[in-house]
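Fold and contact review
Read off the chains here:
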Amino acid sequence: MSWNFKLGDFVILCLAHLAGAISLKKGGRNGLVNFKNNRLKPSIYFFNGVVLMLYMSLNSFGSVWKAVKAMKGGKDWNVSKFNRATQSKRQVGSIFKTYVYLAALNKGTSINQTMFDTPIVSQEWSPKNFGNKYEGRISIKRAFAKSSNVIAVKISDMVGRDLIIEEVRKLGVTSKIPNELSMPLGVAAMSLLEVVGSYVPICGEGKPIIPYGIEEINLRNGDSYWKRLKPERKKIISYKVNN
């Protein structure tokens, strides 16, 4: 199976553990790794869930189209009808931090603003960075690059969790977002298709989309039986943030 992409096409490809995507089997041929002598050895790649989304393709009229180019929801349809790309929901983890920073930038926070990448000590909870590594006073840009847990939490407190949830909804996510302290660290469970679709406006021109796979259904005589409407959506991410 192959696809042809023209110059100007922008593709979002998400191969994630998010939807139970990677199959790990001990000693199996279909696994991502083989276990031999207690060492991990690269083997045949197999993905249970994958979404390939065409973000932008300019046609002769200059219109912008969005579509799911390909989707894989499982290993064998005869064994399981469960679509891991659309039906399976897993905690998204650090993927959610993008939404946190986006809410702050949309509110006017500068990417060069500095914050303290230091431990949070609280009676309610004390989130920590991976490996307990901290860098002190750093820019938001650096915090995003290193995926700082504590600064994501501090930004969430600064802009407000309600605003972040509102931002996520604008991006097209419909899954429940727990309004709690740990929200900025990705405790929400989403489908792979939701996450890929929500990243389209972030990576593109700031307009949300509804992922789709069928543009038109034609009868045998060539008449159009059904055609997808293409509503013009409003920009939800400012030009400054997108660039």
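So, here is what we can say about the structure in this document. What you see is a predicted model; the values in this text were computed from it and never measured.

The rules behind these values
Every chain's residues receive numbers from 1 upward, in the order its sequence appears when written. Given that the model is predicted, a residue must reach a pLDDT of at least 70 before its local features are reported, and side-chain atom pairs must reach 80 or more before they are shown or counted; all residues, however, enter totals for whole chains, interfaces and linings. Neither water nor hydrogens contribute to the side-chain values; these are computed over all heavy atoms in the structure. Each axis is a line fitted through C-alpha atoms, taken for helices only over the stretch in contact, and angles between the N-to-C directions span 0 to 180 degrees. Secondary structure elements are defined from DSSP: runs of H or I of at least 4 residues count as helices, runs of E of at least 2 residues count as strands, and each element is numbered from the N terminus. Geometric relationships in this document are graded by angle, where less than 35 degrees denotes roughly parallel, more than 145 denotes roughly antiparallel, 65 to 115 denotes roughly perpendicular, and other angles denote oblique. Note on definitions: a residue-residue contact is assigned when non-hydrogen atoms from the two residues lie within 4.5 Å. Note on residue classes: Ala, Val, Leu, Ile, Met, Phe, Trp, Tyr, Cys and Pro are nonpolar, Asp, Glu, Lys and Arg are charged, and everything else, Gly too, is polar. Two rings from Phe, Tyr or Trp (for Trp, the six-membered ring) form a pair when their centres sit within 6.5 Å of each other. Planes less than 30 degrees apart are called stacked, planes more than 60 degrees apart edge-to-face, and all others tilted. Each residue is assigned to one of three classes by its accessible area relative to the maximum for its type, calculated with a 1.4 Å probe on protein chains only: buried under 20%, partly exposed between the two thresholds, exposed over 50%. We define a salt bridge as a side-chain nitrogen of Lys or Arg found within 4 Å of a carboxyl oxygen belonging to Asp or Glu. Here, the term nonpolar core denotes a set of buried Ala, Val, Leu, Ile, Met, Phe, Trp, Tyr and Cys residues that are joined through side-chain atoms within 4.5 Å.

Things to note about the packing of helix 1 (residues 97-106) against helix 4 (residues 161-170)
With their axes 9 Å apart at the nearest point, helix 1 and helix 4 run at an angle of 105 degrees to one another. Taken together, the axis directions place helix 1 and helix 4 in an arrangement best described as roughly perpendicular. Contact residues: helix 1 offers Tyr99, Val100, Leu102, Ala103 and Asn106, while helix 4 offers Leu163, Ile164, Glu167 and Val168. Taken together, the residues that form the contact of helix 1 with helix 4 break down as seven nonpolar, one polar and one charged.

As for the packing of aromatic side chains
According to the stated counting rule, one finds three aromatic pairs in the structure shown. Judged by centre distance (5.2 Å) and plane angle (90 degrees), the rings of phenylalanine 96 and tyrosine 99 are edge-to-face. Each member of the pair, phenylalanine 96 together with tyrosine 99, is buried. A centroid spacing of 5.0 Å and a plane angle of 70 degrees characterise the contact between tyrosine 101 and phenylalanine 144, whose relative ring orientation is edge-to-face. Taken together, the residues tyrosine 101 in helix 1 and phenylalanine 144 in helix 2 (residues 140-146) connect sequence positions 43 residues apart. The buried category is assigned to tyrosine 101, whose relative accessible area is 5%. According to the relative accessible area criterion, phenylalanine 144 is partly exposed, its value standing at 41%. Each member of the aromatic cluster is reached from another via a ring pair, and the members are Phe96, Tyr99 and Tyr199.

A short note on the packing of helix 3 (residues 149-159) against helix 4
For the pair helix 3 and helix 4, interaxial distance at closest approach is 6 Å and the crossing angle is 100 degrees. Looking at the two axes, helix 3 sits roughly perpendicular to helix 4. Of the residues in helix 4, those in contact with Ser156, Asp157 and Val159 of helix 3 are Arg161, Leu163 and Ile164. Counted by class, the contact of helix 3 with helix 4 contains three nonpolar, one polar and two charged residues.

Description of the pattern of salt bridges
It is possible for side chains of opposite charge to pair when their charged atoms get near one another. Summed over all chains, the structure comprises four salt bridges. As a salt-bridge pair, lysine 146 and aspartate 117 come within 2.6 Å of each other at their nearest N and O atoms. Separated by 29 residues along the polypeptide, lysine 146 in helix 2 and aspartate 117 in strand 7 (residues 114-117) bring together distant segments of the chain. Given the relative accessible area of 22%, lysine 146 is considered partly exposed. Between glutamate 135 and lysine 146 there is a salt bridge, with the nearest N and O atoms lying 3.9 Å from each other. Residue glutamate 135 is found in the loop between strand 7 and strand 8 (136-139), and its partner lysine 146 is found in helix 2; the two are separated by 11 residues along the sequence. Within the structure, one salt-bridge network assembled from shared partners comprises Asp117, Glu135, Arg142 and Lys146.

Notes on the nonpolar core
Counting 31 residues, the largest nonpolar core has Phe96, Tyr99, Ile155, Ile177 and Met190 as its most contacted members. Those elements giving two or more residues to this core turn out to be helix 1, helix 2, helix 3, helix 4 and helix 5 (192-203). It is helix 1 that contributes the most residues to this core, six residues altogether. Excluding residues that lie within four positions of it along the chain, isoleucine 177 makes contacts with Phe96, Ile165, Val168, Arg169, Met183, Ala188 and Met190.

Thoughts on the environment of asparagine 106
Relative to the assigned elements, asparagine 106 resides in helix 1. Overall, the relative accessible area of 26% leaves asparagine 106 in the partly exposed class. Between the C-alpha atoms of asparagine 106 and isoleucine 237, which are 131 residues apart in sequence, the distance is 6.6 Å.

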